[in-house]
Amino acid sequence: EFRRVLFRSEARRLYPSEPVRAREIVGDAFLSFESSGIDRTLAARDPAAYKALDAGAWGVLGPSIESAAEAAAFVGALRFSGAGTRGACPIVRAASHSAMPWSEFVRQQARTGLVVMIETAQGVEQCEAICRVPGVKALMPGPFDLSVSLGSPGNVQDSRVVQGIEHVISCARTAGLPIVMPV
């Protein structure tokens, strides 16, 4: 949490008159290098996802996505009505408690996205289609859960697990998406 606050305050210091520009520049770096800017949720309609976005999270981590339809439903749940199914409220921290013009807040929120966790054999099989879903910002393979899904619990060195992860990385590269690797 400290790194997140420090990083965001540094963005505000560097770009005090351009909050959207700060988010654009630093937000992309945050998505790529700082996992604390991405909040993990349990499901597409998890209230924690909405709370995280209302608080200013720059992305949501969606576990066990197995199809393009699931990824699209998850992304839709993160978008306001019209582009998705999320309810809108201007009195949240991410909108500067109504100080930010609504149109700016909507633009800002449209930049948030889903980091898809590929953790099952089905997810690996559907990875190419998942990558094509608008709003998917990155992929994160889940080696341990994938090992369980493939019948080799805990053996993340199993050749099928390694091949699955290599396939996810290949799909992400082809689609121009970053990979988030668990460490």
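Everything that follows concerns the structure shown earlier in this document.
Calculation criteria
- Here, residues in each chain are numbered from 1, in the same order as that chain's written sequence.
- Residues qualify for local features only when their pLDDT is at least 70, as the model is predicted, and side-chain atom pairs are given and counted only at 80 or more; totals for whole chains, interfaces and linings, by contrast, use all residues.
- Side-chain measures were taken over the full set of non-hydrogen atoms in the model, leaving aside hydrogen atoms and water.
- Strands here are runs of E lasting at least two residues and helices are runs of H or I lasting at least four, both read from the DSSP assignment and numbered beginning at the N terminus.
- Using a 1.4 Å probe on the protein chains alone, a residue whose accessible area is under 20% of its type maximum counts as buried, one over 50% counts as exposed, and one in between counts as partly exposed.
- Pairs of residues are marked as contacts when any of their non-hydrogen atoms sit within 4.5 Å.
- Each pair of aromatic rings taken from Phe, Tyr and Trp, with Trp reduced to its six-membered ring, is defined by centres within 6.5 Å and is described as stacked if the planes are under 30 degrees apart, edge-to-face if over 60, and tilted in the remaining cases.

A.B. asks: Please give an account of the overall build of the chain that cites residues and values.
C.D. replies: Looking only at helices and strands, the chain features nine helices and four strands. Ordered by position from N to C terminus, the α and β elements of the chain give α-α-β-α-β-α-α-β-α-α-β-α-α. Within the span of the chain, comprising 183 residues, buried residues form 44% of the whole. Pairs at least 24 residues apart make up 58% of the contacts formed inside the chain by residues separated by at least 6 positions.

A.B. asks: Mind laying out the packing of aromatic side chains, listing which residues take part and the relevant values?
C.D. replies: Per the counting criterion, the structure on display carries one aromatic pair. Arranged with centres 5.4 Å apart and planes meeting at 55°, the rings of Trp102 and Phe105 form a pair that is tilted. Of this pair, Trp102 and Phe105 both sit in helix H5 (residues 102-110), three residues apart, roughly one helical turn. Residue classification places Phe105 among the buried positions, given a relative accessible area of 0%.

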